[in-house]
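Observations on the model geometry
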Amino acid sequence: YNVLEIITQIENSLQNPFEVKIDKVEEVVRQRNIINVKNTVIDILNRIMGANNLMPPSVHKITVMMSRACNEAFPENDIVRYTAVSGFIFLRYICPALISPDAFNLINTDIPESARPTLVLISKVLQIIANQKYFDEKQKDLMDLNSLVKEYIPHFRAWIHR
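Before going into details, it helps to say that this report is about the structure given with it. These numbers come from a predicted model, not from an experiment. Sequence order as written defines residue numbering, which begins from 1 separately in each chain. Only residues with pLDDT of at least 70 are given local features in this predicted model, and only at 80 or more are side-chain atom pairs given and counted; all residues enter the totals for whole chains, interfaces and linings. Values reported for side chains reflect all heavy atoms of the structure, with hydrogen atoms and water molecules removed beforehand.

**Comments concerning the overall build of the protein**
Secondary structure follows DSSP: runs of H or I at least 4 residues long count as helices, runs of E at least 2 residues long count as strands, and numbering of each begins at the N terminus. Helix and strand counts for the protein come out as six helices and zero strands. We compute the radius of gyration from the C-alpha atoms alone; for a globule the expected value is 2.2 Å times N to the 0.38, where N is the number of residues. A compact globule built from 162 residues should have a C-alpha radius of gyration of about 15 Å, and the protein, at 17 Å, falls within 12% of that. For the protein, the spread of C-alpha atoms along the principal axes amounts to about 50 × 40 × 25 Å. Exposure categories follow from relative accessible area, calculated using a 1.4 Å probe and restricted to protein chains: below 20% of the type maximum is buried, above 50% is exposed, and the middle band is partly exposed. For the protein, buried positions account for 41% of its 162 residues. Restricting the contact set of the protein to residue pairs at least 6 apart, pairs at least 24 apart contribute 60%. The Shrake-Rupley method, run with a 1.4 Å probe, gives the accessible areas here. Residue values count only the displayed protein chains as cover. Roughly 9300 Å² of accessible area belongs to the protein as shown, and the carbon and sulfur atoms make up 54% of that amount. By definition, residues are in contact when any of their heavy atoms lie within 4.5 Å.

Pasting the structure below:
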């Protein structure tokens with residue numbers, strides 16, 4: 001996904017089009033921004049799930065080994081396998097690259113500090129889906145994204161099976 005698109009949207013707007021904090025924007029604006037976050041997360045997830053051939057072979061090998069180990073240790077609990085594999089891929093591989101693409105030399109420019117919270121927000125949503133959890137009262141600002149989480153968990157499980 002082109003992180004520069006997100007940064008450009010933020011820099012070209014008077015107000016961050018991804019701001020979803022209840023105390024920061026009016027509800028009408030917030031709901032529009034929730035849609036922006038959902039569309040961005042959907043685009044990123046679809047690109048990730050459609051790009052299995054781009055995963056480095058060493059990472060793929062690790063995920064296969066993790067999946068087998070989880071199946072052996074917890075044969076009655078598929079959730080362990082899904083969360084272990086997806087958590088590893090997202091927590092250790094995808095989300096850090098999304099939050100700091102400049103640190104991984106994925107882009108040739110510095111990320112403006114104004115854009116970093118949005119990249120963290122998008123990573124947080126991806127990680128929640130990967131962990132097959134939902135936003136709760138502690139993350140009240142993000143609970144409107146639970147419909148997206150619910151929709152994508154089955155797609156995510158199917159992707160992990162591949």
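Once the structure has been displayed, the description carries forward.
**Remarks on the side chain of Q132**
Structurally, Q132 is set in the loop between α5 (116-131) and α6 (146-161). In contact with Q132, not counting residues within four places along its chain, are I79, Y82, T83, I153 and R157.

**Side note on unusual backbone geometry**
Positive phi values are uncommon outside glycine, yet N105 reaches one of about 55°. Of note, N105 is situated in the loop between α4 (78-99) and α5. Look at N105 and you get exposed, because its relative accessible area is 66%. One non-glycine residue, Q132, lies in the positive phi region at around 55°.

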